[in-house]
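Structural overview for review
These are the residues of each chain, in order.
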Amino acid sequence: MTEKNRTSNLSLPAKFLKTAMGADPIFSDGTPQIALIGRSNVGKSSTLNALTGVKKLAIASATPGRTRGINLFSWGDSYLVDLPGYGYAKLPDKERRRLSELMGWYLFNDSFSPRLVIQIIDARLGPTPADLEVLGLLEANERRVLLIANKSDKIKAGDRAKIRRLLTSKLGSRPVFFYSAKTGMGVPEVLKEILC
Ligand SMILES: Nc1nc2c(ncn2[C@@H]2O[C@H](COP(=O)(O)OP(=O)(O)OP(=O)(O)O)[C@@H](O)[C@H]2O)c(=O)[nH]1
Ligand SMILES: [Mg+2]
C-alpha cells in the first residue's frame, strides 16, 4: 500500500480476508471482531477505509445495497467485519429478508459475539426507527456499541447544536461521535474509543 492511499495515522496492517455468506469457522477462531452496522448507504464500507487508512480496502459505492455478504478484514490483531446494510426499501423482499437474517445471525448467534459493534447513523437525519430497533436489540443482548454519526461534513457549523439536540432527544445520554469518513473528522477519537 502506498503512502498516498493512507488517511489514518494508525498504521496497523489491514487486508481483505474473505466474504462469508453465513456460518464460517473463521468467526470462532478466537480473533476479536469489530463489526460495522448501519442503514444501507450510511457509510459502513467508507468508515472501514477511513479507520484503517486504506482508501479502497472495502468497496464503497453511491448505489445502496452494495455489500451483500459479510466481508472480513484483518486489522492488526483483530478482524473488521463489514456487514450488509439494513432498511434499503428497493431490494426485492426475499433479498432484504436474507440480508436482515444474515445480520441478525452474525450479531446474535450462540457461538461467538463481536468485541464491539460500531453502529453508524446519518448525522443529518439522526437515528431512524430501524436504527433504534437494531440498537435496542444490541443493548438487550448486551453487546458493546459505539455510535457514530457519519457524513458530519454535510452539516453546516450553524446546525450543529440543533443536530446535537435531535440526537439527544432520540438517544438520551448515549455518547455519539460526530464523524466523517470523507474528511476524516472524528477518526482519531473513534480510533481511541475502539482501541481502549
Ligand atoms: N459526504 C460524505 N459522503 C460519504 C461519507 N461516507 C460515505 N459517503 C458516501 O456515501 C455513499 C455510501 O458509502 P458506503 O461506504 O458504500 O456505504 P455502506 O454503508 O457501506 O453502503 P452499503 O454497503 O450499500 O450498505 C458513497 O457514495 C460514499 O462516498 C461521509 O462521511 N461524507
Ligand atoms: Mg458497504
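Residues numbered from 1 in each chain as written. Chains lettered and ligands numbered in written order. Predicted model: local features only at pLDDT ≥ 70, side-chain atom pairs only at ≥ 80, totals over all residues. Heavy atoms only, no water.

Quick notes on the overall build of the protein chain
- A tally of regular secondary structure across the protein chain gives five helices and seven strands.
- Element order for the protein chain, N to C, with α for helix and β for strand: β-β-α-β-β-α-β-α-β-α-β-α.
- The C-alpha radius of gyration of the protein chain comes to 16 Å, within 12% of the 16 Å expected for a compact globule of 196 residues.
- A separation of at least 24 residues holds for 74% of the contacts in the protein chain among residues at least 6 apart in sequence.
- Carbon and sulfur atoms provide 52% of the accessible area of the protein chain, an area that totals close to 10000 Å². (Helix = DSSP H or I, 4+ residues; strand = E, 2+ residues; numbered from the N terminus. Rg over C-alpha atoms; globule rule 2.2 N^0.38 Å. Contact = heavy atoms within 4.5 Å. Areas by Shrake-Rupley, 256 points an atom, 1.4 Å probe, with all protein chains shown as cover.)

Focus: the sheet that holds strand 2 (residues 33-38)
- Spatial ordering of the open sheet is given by 1-3-4-2-5-6-7, a layout of seven strands whose pairing is mixed. Bordering the open sheet on either side are strand 1 (14-20) and strand 7 (176-178), each of which pairs with just one other strand. The mean angle between the axes of side-by-side strands here comes to 25 degrees, regardless of whether they run parallel or antiparallel.
- Taken together, the four bridges between strand 2 and strand 4 (residues 78-82) define a ladder with parallel strand orientation. Note on strand 4: the bridge partner recorded for Gln33 is Tyr79.
- Packed on one face of the sheet, helix 4 (residues 160-171) meets strand 5 (116-122), strand 6 (145-150) and strand 7 and runs near 160 degrees to strand 7.
- Packing of helix 5 (residues 187-195) onto the sheet brings it into contact with strand 2, strand 3 (70-75), strand 5, strand 6 and strand 7, and relative to strand 6 it is tilted by some 170 degrees. (Pairing = 2+ DSSP bridges. Axes fitted to C-alpha atoms, helices over the stretch in contact; angles between N-to-C directions.)

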